[in-house]
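# Structural characterization, general
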Amino acid sequence: MLYKNIVRPILFRLTREDPEIAHEEAIRLLKFIGESKHVYRILKKYATVNDPRLSQRVFGLGFKNPVGLAAGFDKNAEALDGLEALGFGFIEAGTITPRYQEGNDRPRMFRLPKDKALINRMGFNNIGADNVVRSNLILRKNKESLLGISIGKSKATTFKNAADDYVDLLKKLYGFGDYFAINISSPNTAGLRALQHKNHLEKLLMALNREMTQLAEGCNSRFKPIIPKIDPDLNWTELDDILEVCVRQRMNGLIVANTTIRRSGLKTEIKETGGLSGEPLRERALEMVRYISRSTGGALPIIGVGGIFSAEDAYEMFKAGASLIQVFTGMIYEGPFIARNINRGLLEIFERRGIKHISEIRGPSSHKATKGRGGERDEDIRTCLVVRRPGCQPHY
Ligand SMILES: Cc1cc2nc3c(=O)[nH]c(=O)nc-3n(C[C@H](O)[C@H](O)[C@H](O)COP(=O)(O)O)c2cc1C
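Anyway, here's the lowdown on the structure attached to this text. Bear in mind the structure is a predicted one, so any value in this text is a computation, not a measurement.

## Observations concerning the overall build of the protein chain
Counting its secondary structure elements, the protein chain contains 13 helices and 13 strands. For the protein chain, whose C-alpha radius of gyration is 19 Å, the value lies close to the compact-globule estimate of 21 Å for 396 residues. Its C-alpha atoms put the protein chain at 55 × 50 × 45 Å along the principal axes. Relative to its 396 residues, the protein chain shows a buried fraction of 51%. Residue pairs in contact within the protein chain that sit at least 24 positions apart in sequence constitute 77% of those at least 6 positions apart.

## Topic: helix H7 (residues 198-218)
Structural remark: α-helix, 3.6 residues per turn; residues separated by three or four positions point the same way. Taking 1.5 Å of rise per residue, the 21 residues of H7 would be expected to cover 30 Å, and the 30 Å separating its terminal C-alpha atoms lies within 8% of that figure. Among all positions of H7, only Leu-201, Leu-204, Leu-205, Leu-208, Glu-211 and Met-212 are buried. On an axial view of H7, the arc spanned by its buried residues comes to 130 degrees, and they lie on one face. Counted as exposed and oriented over 90 degrees from the buried face of H7: Asn-199, Arg-210, Thr-213 and Glu-217.

## As for the packing of helix H8 (residues 236-248) against helix H9 (residues 282-296)
Contact geometry for H8 and H9: axes closest at 11 Å, N-to-C directions at 50 degrees. As judged from the angle between their axes, H8 and H9 are oblique. The hand of the H8/H9 crossing is right-handed. Note on element contacts: H9 touches H8 through Tyr-291, Ile-292, Ser-295 and Thr-296, opposite Leu-239, Leu-243 and Val-247. Looking at the contact of H8 with H9 residue by residue, the classes come out as 5 nonpolar, 2 polar and no charged.

## Topic: the sheet that holds strand E5 (residues 109-112)
The strand order E5-E6-E11 describes an open sheet built from 3 strands, whose pairing is antiparallel. Of all the strands in the sheet, just E5 and strand E11 (275-278) have a single pairing partner and so form its edges. Taken over all neighbouring pairs, the strand axes of this sheet differ in orientation by 20 degrees on average, direction set aside. Two elements, E5 and strand E6 (residues 117-120), share 4 bridges in a ladder whose sense is antiparallel. Each bridged residue has a counterpart across the sheet, and for Leu-112 the counterpart in E6 is Ala-117.

## Quick notes on the nonpolar core
Within the largest apolar cluster, 104 residues are counted, with the highest numbers of intra-cluster contacts made by Leu-254, Val-256 and Val-289. In this view, Val-256 contacts Ile-230, Ala-285, Met-288, Val-289, Ile-292, Ile-302, Gly-304 and Val-305; residues no more than four positions away in its chain are not counted.

## Focus on the site of the ligand
Close contacts around the ligand come from 27 residues, with Ala-70, Gly-72, Ser-277, Phe-328 and Thr-329 the closest. Taken together, the elements giving at least two residues each to the shell around the ligand come down to strand E4 (90-96), E6, E11 and helix H11 (329-334). Tallied by class, residues from the shell around the ligand come to 10 nonpolar, 15 polar and 2 charged.

## Brief notes about the environment of Arg-140
Among the secondary structure elements, Arg-140 is positioned in the loop between helix H5 (129-135) and strand E7 (146-151). Residue class for Arg-140 comes out partly exposed when judged on the 17 C-beta atoms lying within 10 Å of it. When the C-alpha positions of Arg-140 and Leu-208 are compared, they lie 26 Å apart, and in sequence the two are 68 residues distant.

## A short note on unusual backbone geometry
With an omega dihedral of 15 degrees, the bond running from Gly-94 to Thr-95 counts as a cis peptide bond. The topology assignment puts Thr-95 in strand E4.

## Some points on the pairing of E7
Successive side chains on a regular strand alternate, one facing one side of the sheet and the next facing the other. Taken across its 6 residues, E7 has 6 buried, putting it largely inside the fold. Taking every second residue as pointing to the same face, both faces of E7 are buried, with Leu-146, Gly-148 and Ser-150 on one and Leu-147, Ile-149 and Ile-151 on the other. Bridge count between E4 and E7: 5 bridges; the pairing is parallel. The residue bridging Ile-91 from the neighbouring strand is Leu-147, located in E7. In terms of strand pairing, E7 meets strand E8 (residues 179-183) through 4 bridges, oriented parallel. Residue pairing for E8: Ser-150 is matched across the bridge by Ala-181.

## Remarks on H9
Taking 1.5 Å per residue, 15 residues should reach 21 Å; H9 reaches 21 Å between its end C-alpha atoms and fits that length. Along H9, the residues that are buried comprise Arg-282, Ala-285, Leu-286, Met-288, Val-289, Ile-292 and Ser-293. For H9, the arc enclosing every buried residue in end-on projection is 165 degrees, short of the 170-degree limit, so these residues lie on one face. Contact partners of the buried residues in H9: H8, strand E10 (254-256), strand E12 (302-305) and helix H10 (311-320). Positive backbone phi, at 60 degrees, marks Gly-297, one or two positions downstream of H9.

## Overview of the sheet that holds E4
Within a sheet, neighbouring strands are paired by backbone hydrogen bonds and run either parallel or antiparallel to one another. The sheet built from 8 strands closes into a barrel, its strands ordered E3-E4-E7-E8-E9-E10-E12-E13 with parallel pairing. Averaged over all adjacent pairs, the angle separating strand axes in this sheet is 25 degrees, with direction ignored. In this sheet, strand E13 (residues 324-327) lies alongside E12 in parallel orientation, the contact comprising 3 bridges. Bridge pairing in E13 links Gly-304 to Ile-325. In this fold H9 packs onto E10 and E12, with an angle of close to 165 degrees to the strand it touches most, E12.

Calculation rules
Residues numbered from 1 in each chain as written. Predicted model: local features only at pLDDT ≥ 70, side-chain atom pairs only at ≥ 80, totals over all residues. Helix = DSSP H or I, 4+ residues; strand = E, 2+ residues; numbered from the N terminus. Rg over C-alpha atoms; globule rule 2.2 N^0.38 Å. Buried ≥ 20, exposed ≤ 12 C-beta atoms within 10 Å, placed from the backbone. Contact = placed C-beta atoms within 7 Å. Expected span 1.5 Å × (residues − 1). Arc of directions from axis to C-beta. Axes fitted to C-alpha atoms, helices over the stretch in contact; angles between N-to-C directions. Parallel < 35°, antiparallel > 145°, perpendicular 65-115°, else oblique. Left-handed = near helix turned anticlockwise from the far one by under 90°. Nonpolar A, V, L, I, M, F, W, Y, C, P; charged D, E, K, R; others polar. Pairing = 2+ DSSP bridges. Core = buried A, V, L, I, M, F, W, Y, C linked by C-beta atoms within 7 Å. Near = placed C-beta within 6 Å.

Dropping the structure here:
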């Protein structure tokens, strides 16, 4: 209430010309929260919902609750401790590229309040993998939420060499992430989405599998989940091809979906290019999740993302077949305690409908969801990382 009635109107007005300023301030505040033991503890206690009905194993990882922060919010992994205090079950940092990138010219993020939406054409602005490791990942303190790391190719890398970027990133970041999101779906890097085409995708995933196997063996650890993130503008044939490749390459799951380049049904008149997120994306994301869940029989556990603002939205996403959900635009419109609100709201829905555990919502096909490759060994991923070689940073 305080956020929606007071903080949000002021923040939106002050940063009307360039909404990214509000984002930068939020990251600064979150960094402060992460650095201040007392503020961290107070916030964490307030925002965390601990309830066994919400916890589950997906991709072989133990998620304390199903609400994650989507990629793009903390591109440089600089506010992870502060974000943990907001009660997310998992945080996806990135998208990180091999080298530093400025991204597109500002303004490159636009709010559409009438549509509860955003348009962005950030263009993978980030400080590059080495800097992210040196400045942020090795300094992460709390590690109570699971960490996904989203990786993507540099703008300057040719399409032909794209796979090298992803492999290189996996090597550098392996020791820090609990899972790796393969971003092949941002609309703001020219040609990136073509990596979803079946031949290119097959080659990319094979290369990642090979590298992950070597890293896991070299570090005497396990195969960490690899999870491609797809776009919502694919047609059904393209989607079928992707599913076939992902199942064949034994991907641990899928993230559905990135932002859309469609503009249909918007109340706001806006000509900005980029990816649209928020409420207008919700139906399409749900439709895709439903389709994937049915056609794979639950063989690819899904992180559903797109237009989730409330517990009801999250519930619909689980019903469509998602095992976990993520939010981004919802956090901008609903405020920093969105994870708490969704988790508490889900428990209320459980009470009303007599649901005993979150897995019941998805129905029987979801049982395969815990049997991905990442789930073959059931011991906690945090206990089995042994340092053997430079790629295996001792962060646990
Ligand atoms: C400003 C902004 C930046 C984003 N950056 C990334 C990114 O770097 N990598 C990525 O995979 N997705 C990125 N996304 C997409 C989100 O992770 C998410 O898939 C999308 O916004 C849909 O979810 P939402 O409707 O809850 O926002 C970005 C979204 C926004 C709004």
